[in-house]
Amino acid sequence: MDSRQMKKHIESTPMSVDVARQERYRRMAAMTSQAYVAPDKRLNNILGWKYQREQSSDRHAIYSSPSGQSGILAYRGTVASFDDVGTDLDDILAGDPSESRRFQDSLKLYDNAKKYYAGGLEVTGHSLGGAIAKYVTRERAATDMTQGIGFSTGSSLTPYQV
């Protein structure tokens, strides 16, 4: 089998659930890492998903699927800033993200961004961003069937968990 035949065979073979899940995790991890990069220096394409600069900021990155119907919102985690460290401390000590301005702003951001993606908007993040992704998923799961993946989300000292 030559390389052209091999490519055709691979493209025509249905992807297993595990392979699809691994690709999804890889894609979301790459987008999460891009949330830490300055908005004007982020990758414009991750595995076919396009960076949406006008919908993104220094705290999050949004990528749209090749069809433009679905999106992924990647929340940035903690960087060395007073605001981020303060949010981390609030989450650890108070344990209730619903009282955090950053968590509430992130929920509003999700609500605003989902209007652009009829096929759905998934969320992801690392560290503080992962905790935010878990919070948004929990808060919107009943109405939006939101899915999210948080990487290294940490935990709080109180029993409240997102």
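That block above? That's the structure.
Residues numbered from 1 in each chain as written. Predicted model: local features only at pLDDT ≥ 70, side-chain atom pairs only at ≥ 80, totals over all residues. Heavy atoms only, no water.

## A few points about the overall build of the protein chain
Logical step 1: Of the regular secondary structure elements, the protein chain holds 5 helices and 6 strands.
Logical step 2: For the protein chain, the α and β elements follow one another from N to C terminus as α-α-β-β-β-β-α-α-β-α-β.
Logical step 3: Residues counted as buried form 36% of the 162 residues belonging to the protein chain.
Logical step 4: Taking the contacts inside the protein chain whose residues are at least 6 apart along the sequence as the reference set, 57% of them involve residues at least 24 apart.
Logical step 5: Taken as a whole, the protein chain presents about 9,300 Å² of accessible surface, with 55% of it coming from carbon and sulfur. (Helix = DSSP H or I, 4+ residues; strand = E, 2+ residues; numbered from the N terminus. Buried < 20%, exposed > 50% of the residue type's maximum accessible area, 1.4 Å probe, protein only. Contact = heavy atoms within 4.5 Å. Areas by Shrake-Rupley, 256 points an atom, 1.4 Å probe, with all protein chains shown as cover.)

## Looking at the nonpolar core
Logical step 1: Leu73, Tyr75, Tyr110, Val123 and Val136 are the most contacted members of the largest nonpolar core, which has 16 residues in total.
Logical step 2: When residues of this core are traced back to their parent elements, those giving at least two are strand 4 (70-75), helix 4 (101-113), strand 5 (120-126) and helix 5 (128-144).
Logical step 3: Ignoring any residue separated from it by four or fewer positions in sequence, one finds Leu73 in contact with His60, Ala61, Ile62, Leu109, Tyr110, Leu121, Glu122, Val123 and Thr124.
Logical step 4: Grouped together as the second largest cluster of nonpolar side chains are 11 residues, Met28, Ala35, Tyr51 and Ala61 included. (Core = buried A, V, L, I, M, F, W, Y, C linked by side-chain atoms within 4.5 Å.)

## Things to note about the packing of aromatic side chains
Logical step 1: Summed over all chains, the structure comprises 2 aromatic pairs.
Logical step 2: Each ring, one from Tyr51 and one from Tyr63, has its centre 5.4 Å from the other, and the planes form 45°; the classification is tilted. Taken together, the residues Tyr51 in strand 2 (residues 49-51) and Tyr63 in strand 3 (residues 60-64) connect sequence positions 12 residues apart. Like Tyr51, the residue Tyr63 is buried in the burial classification.
Logical step 3: Measuring from centroid to centroid gives 5.4 Å for Phe103 and Tyr135, while their planes differ by 75°, and the two rings are edge-to-face. In this pair, Phe103 sits in helix 4 while Tyr135 sits in helix 5, placing the two residues 32 residues apart along the sequence.
Logical step 4: The class for Tyr135 is buried, based on a relative accessible area of 1%. (Phe/Tyr/Trp six-rings, centres within 6.5 Å; stacked < 30°, edge-to-face > 60°.)

## Description of the pairing of strand 4
Logical step 1: Along strand 4, 5 of the 6 residues are buried, which leaves the element largely enclosed by surrounding structure.
Logical step 2: Of the pairings in the sheet, the one linking strand 3 to strand 4 comprises 5 bridges and is antiparallel in character. Note on strand 4: the bridge partner recorded for Tyr63 is Ile72.
Logical step 3: Hairpin connection of strand 3 to strand 4: 5 residues between the antiparallel strands, including Gly68 at a positive phi of 80°. (Pairing = 2+ DSSP bridges.)

## Looking at the sheet that holds strand 6 (residues 148-151)
Logical step 1: Strand order in the open sheet formed by 6 strands is 1-2-3-4-5-6, and the pairing between neighbours is mixed. Lying at the two open borders of the sheet, with one neighbouring strand each, are strand 1 (45-46) and strand 6.
Logical step 2: Where strand 2 lies against strand 3, 2 bridges are found, and the strand directions are antiparallel. Bridged to Tyr51 within strand 3 is Tyr63.
Logical step 3: Running at roughly 165° to strand 4, helix 4 makes contact with strand 3, strand 4 and strand 5 of the sheet.
Logical step 4: Against the sheet, helix 5 contacts strand 4, strand 5 and strand 6, and its axis sits at roughly 150° relative to strand 5. (Axes fitted to C-alpha atoms, helices over the stretch in contact; angles between N-to-C directions.)

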